Amino acid sequence: MNPVTGTALIYDAEMTNYKLLWVDPACKIEVPERLTVSYEALVKAGLADRCVSVPVREATEAEILLVHSEEYLEAVKKTPYMTLEDLQEFTLQYGDVYFHPNIYHCAKLASGATLQLVDSVMTGKVRNGMALVRPPGHHSMRSAASGFCVFNNVSIAAKYAQQKYGVKRVLIVDWDVHHGQGVQYCFEDDPGVLYFSWHRFEHQKFWPNLRESDFDIVGTANGAGFTINVPLNKVGMENSDYLSVFLHLLLPVAYEFCPELVLVCAGFDTAIGDPEGEMRATPDVFAHLTHLLMNLADGKVCAVLEGGYNLKSLPQSVCETVQTLLGDPLPRPVNLEGPCKSALESLHCVRAAHRKYWSCLNHAGDLPSGELSTKRSKSAEDGDQAEINEEEKKTDDIVWPDPPKRVTPNVQTALVVPDGTVCPEGCQWFCPSEDPDPNLMKQLRENSALDTDDTDVLTTLSSLIALMDQMEKNEIRSGLALVHDVSIVMNWVVQHAATSSCKRMLVVFLGDDMVKSCITQNGNAMLVQISNKNFDAETKNYIPVCLKKGCRDTSGLMQAVLTLLLPLGYEYDPSLVLLIRTSDCGVLESAWQQLTGLLQGLAQGHTLVVMQESEHPSVAPTVASLLGTPAPALGPLSAALSEDVETVEKLRHTLCHDWKLLQTTETQCGGDG
Ligand code: FKS
Ligand code: ZN
């Protein structure tokens, strides 16, 4: 069966046909242009054309009633016939929202568009997609409009997916800067919907000022543990803060949960320049957030627009999201110097509050004793806050560079494999653009470690080196080689990297061979080895991860990948990833595909996979992951072995002095270390 491909884009200009008709400072940022600039940016970037355009429709009453009460629906239904005065009065009963004679129509289209997206993805018409809608949805409640929202688009979609498609586990990722309390209330007791939200909170001083937005609100009854709130208590959060929360909290839990569908409340008021959020994440961070979700749920990711009020960062962020859904190489991650103190404090509190529900967090520390929570440092922070308030807060003046253009190389995946290997669809044999460099061949031949008679080995090595050079020049995205001896090849490749154009190489080695010797203190490579052998970490850039069953236990492996390898990789920011496995490393094919897929967020997708000759059956699945086919789901993960958890935690603890993205608490690194 061919994998599902394609990205749906759902938009209709009709949803720009309502606006605020009176003066209300709280609502003036929610303008029709939000939608037009976003759509136009997609058109201008050539992204809209590459998507499957799906028409909108109105949600039916029955669909709206999946979430809302009849009384509320009946009330909203009357708004098209109200006078301006009546509309204003009607609006008054709700908070920070406005009505307009055409908003009921638009709200039905916004919910209907979201359902069209879910249908397109669930029926396999497309793999994933985005709906650009207005009004947004995540604040609206069973019987109330709130925060520019009339009907709760994403909640309706989740109920619809449960009902129509029997989806048992839905993950809702709310990356909007506001807390989607409407979604939280809708599913608070439902273990079939995992709701994750980070939000500007400032110890409840920020709208919607709810006690139930704090980290210790985790869901009720059977739904306990299935609501995850990450209160952000300071403004100015950056890429590192968001990425840390994904790597150390959302993703481990999401993999344990194993969703069948991912819905994103995709608000971009979390981005730089936004007057509401006042955060500082650059638009390219959304490419990474999107990408990190795309190997869940067999790739079924539906992004639905919520907020976003800076008319420059909003369209940029929308483009980054859609371009990622389409499968283009990711931008190099930028500004990853580690999370701030306040983000770490929140992260720690959330992890502690959820440790009893999720085995991947079971080892997380306890909550700070005494008076709980992020409220502890409230008084300390009040000082800073006053300072910020004194300066005029002007988000309009903030400037940031345009996100770099994401160029797709002509060649997606090049193979260096023995004759007779089947070349899977979408990739091609590697033909070096130049003849092998005679000097290089001489060098290779002179190396005593090689059997010099073996011209095959020499040709393979010189091909690989040529391939790496072409990846470095961005002429080829990724590569895969089947070789006689992965350790020898790895040695050579790493040595070559030291003298080549490769800036930084991340080597990921799955297997028990002794390979550290090729890594030197001053080389330009970092080696992470996952095995069941206890190798010594002699140099800073050799990181041995010893798991009890090596790579055989998928839970342990995923914990190591998500909370150790990926944070290291993101902070190291390699220009090339060398991914190697020995034939006896024991990794399950699906876990290997997850690893391969997740690593595509690094080095703009420049991954060179090296495997043993005998592993030709793995070529097709590996190539698929390199090409962006979502890795198969791992099934709900059981707890990792406690020894493995301890190993990974210990490593994080020792390494977080040098690698700030490994931190999950303020004090982890001993402060004075
Ligand atoms: C003005 C206060 C405005 C209301 C904020 C509503 C945010 C709405 C949103 C949505 F996604 F729903 F659109 N307070 N300084 O961004 O969450
Ligand atoms: Zn928002």
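Every value quoted in this text rests on a predicted model; they were computed, and no experiment measured them. (Residues numbered from 1 in each chain as written. Chains lettered and ligands numbered in written order. Predicted model: local features only at pLDDT ≥ 70, side-chain atom pairs only at ≥ 80, totals over all residues. Heavy atoms only, no water.)

The eight strands lie next to each other as β10-β9-β11-β16-β15-β12-β13-β14, forming an open sheet whose pairing is parallel. Each edge of the open sheet carries a strand with a single partner, namely β10 (427–429) and β14 (542–546). The sheet shows a mean angle of 20° between the axes of neighbouring strands, taken without regard to direction. Pairing of strand β9 (residues 411–416) with strand β11 (residues 476–483), which is carried by five bridges, proceeds in the parallel orientation. Looking at β11, one finds that Thr413 is bridged to Ser478. On the sheet, helix α17 (residues 589–599) packs against β12 (505–510), β15 (576–581) and β16 (607–612) and is oriented at approximately 170° with respect to β15. Its contacts with the sheet place helix α18 (residues 619–626) against β9, β10, β11 and β16, and it is angled at close to 165° to β11. (Pairing = 2+ DSSP bridges. Helix = DSSP H or I, 4+ residues; strand = E, 2+ residues; numbered from the N terminus. Axes fitted to C-alpha atoms, helices over the stretch in contact; angles between N-to-C directions. Contact = heavy atoms within 4.5 Å.)

Moving on, we come to the coordination of the zinc ion (ligand 2). Listed as protein donors to the zinc ion (ligand 2) are Asp176 (OD), Asp176 (OD), His178 (ND1) and Asp269 (OD); their distances from the metal cover 2.0 to 2.6 Å. Here the zinc ion (ligand 2) is ringed by six donor atoms whose angles at the metal span 54 to 156°, and the overall shape comes out irregular. Counting along the primary sequence, the residues that act as donors to the zinc ion (ligand 2) give the motif D-x1-H-x90-D. Taken as a pair, Asp176 in the loop between β4 (170–174) and α7 (181–187) and Asp269 in the loop between β7 (261–266) and α9 (285–293) lie far apart in primary sequence, 93 residues in all. In this structure, Asp176 and Asp269 share a single accessibility class: buried. (Donors = N, O, S within 2.8 Å, 3.2 Å for Na, K, Ca; no water. Tetrahedral: all angles 85-135°; square planar, octahedral: opposite > 155°, others 65-115°. Buried < 20%, exposed > 50% of the residue type's maximum accessible area, 1.4 Å probe, protein only.)

As far as domains go, the protein holds domain 1 (7–19 + 28–393) and domain 2 (411–640). In this assembly, 29 residues from domain 1 lie in contact with 31 residues from domain 2. At the boundary of domain 1 with domain 2, total buried surface from both sides reaches about 2600 Å², with 57% on carbon and sulfur atoms. Per-residue buried area on domain 1 facing domain 2 is highest for Tyr255, Asn295 and Arg332; these three make up 27% of the total on that side. Here domain 1 and domain 2 share one salt bridge between them. A salt bridge links Arg332 to Asp573; the shortest N-O distance between them is 2.8 Å. The tally of links from domain 1 across to domain 2 stands at ten residue pairs in polar contact (both at pLDDT 80 or more). Counting residues per element, the ones that place at least two in the side of domain 1 that touches domain 2 are α8 (239–257) and α9. Top contributing element to the side of domain 1 that touches domain 2 by residue count: α8, with eight residues. Of the residues in the side of domain 1 that touches domain 2, the class split is 15 nonpolar, eight polar and six charged. (Domains from an automatic or database assignment. Buried area = accessible area lost by both parts, 1.4 Å probe. Salt bridge = Lys/Arg side-chain N within 4 Å of Asp/Glu carboxyl O. Polar contact = N/O pair within 3.5 Å; in protein donor to acceptor, adjacent residues only side chain to side chain. Nonpolar A, V, L, I, M, F, W, Y, C, P; charged D, E, K, R; others polar.)

Our next topic: the nonpolar core. One finds Ile172, Trp175, Phe246 and Leu293 to be the most contacted residues of the largest nonpolar core, which totals 182 residues. Ignoring any residue separated from it by four or fewer positions in sequence, one finds Phe246 in contact with Val173, Trp175, Phe196, Trp198, Leu251, Pro252, Leu289, Leu292 and Leu293. Among the nonpolar cores identified, the runner-up in size contains 40 residues, and Leu461, Leu467, Met471 and Met490 belong to it. (Core = buried A, V, L, I, M, F, W, Y, C linked by side-chain atoms within 4.5 Å.)

Two elements in contact, α8 and helix α11 (residues 341–354), have axes separated by 10 Å at closest approach and are oriented at 20°. Between α8 and α11, the crossing angle belongs to the class labelled roughly parallel. The handedness of the crossing between α8 and α11 is right-handed. Contacts from Asp241, Ser244, Val245, His248 and Leu249 of α8 reach α11 at Ala343, Leu347, Val350 and Arg351. (Parallel < 35°, antiparallel > 145°, perpendicular 65-115°, else oblique. Left-handed = near helix turned anticlockwise from the far one by under 90°.)

Turning our eyes to something else, we now look at the site of ligand 1. Of all residues adjacent to ligand 1, which total 16 residues, the nearest are Asp96, His138, His139, Gly307 and Tyr309. Between ligand 1 and His139 there is a distance of 2.6 Å, counted from an oxygen atom to a side-chain nitrogen or oxygen. Considered on its own, ligand 1 offers 450 Å² of accessible surface; in the complex 86% of this is hidden by protein. Counted by class, the shell around ligand 1 contains six nonpolar, five polar and five charged residues. (Near = heavy atom within 4 Å. Areas by Shrake-Rupley, 256 points an atom, 1.4 Å probe, with all protein chains shown as cover.)

Let us now look at the packing of aromatic side chains. Applying the stated criterion across every chain, the model contains 21 aromatic pairs. Positioned over the ring face of Tyr572 is Arg504, at 5.9 Å from the centre of the ring. The aromatic ring of Trp592 is capped on one face by Arg581, whose charged end is 4.7 Å from the ring centroid. (Phe/Tyr/Trp six-rings, centres within 6.5 Å; stacked < 30°, edge-to-face > 60°. Lys NZ or Arg CZ within 6 Å of the ring centre and 35° of its normal.)

Right, let's talk about the sheet that holds strand β3 (residues 128–131) for a bit. Judged by pairing direction, the sheet is parallel, and its eight strands sit side by side in the order β2-β1-β3-β8-β7-β4-β5-β6 without closing on themselves. Looking at the sheet topology across the chains shown, the edges are occupied by β2 (52–54) and β6 (227–232). Going across the sheet, the axis of each strand differs from the next one's by a mean of 15°, ignoring polarity. Bridge count for β4 against β7 is five bridges, and the pairing is parallel.

Quick look at the pairing of β7 now. The element β7 is extensively covered by neighbouring structure, given that six of its six residues are classed as buried. Here β7 shows a buried face lined by Leu261, Leu263 and Cys265 and a second buried face lined by Val262, Val264 and Ala266. Two strands pair when backbone bridges link them, and β7 and strand β8 (residues 301–305) are joined in this way by five bridges, in the parallel orientation. Bridge assignment links Val262 to a residue of β8, and that residue is Val301. Read from β7 through α9 to β8, the crossover connection turns out right-handed. (Right-handed = clockwise from strand over helix to strand, strands pointing away.)

Where burial is concerned, the two faces of β3 agree: the one with Asn128 and Met130 and the one with Gly129 and Ala131 are both buried. Direction of pairing for strand β1 (residues 7–10) relative to β3: parallel, over a ladder of four bridges. Each bridged residue has a counterpart across the sheet, and for Thr7 the counterpart in β3 is Asn128. Where β3 and β8 come together, three bridges link them in parallel fashion. If you follow Gly129 over to β8, its bridge partner there is Cys302.

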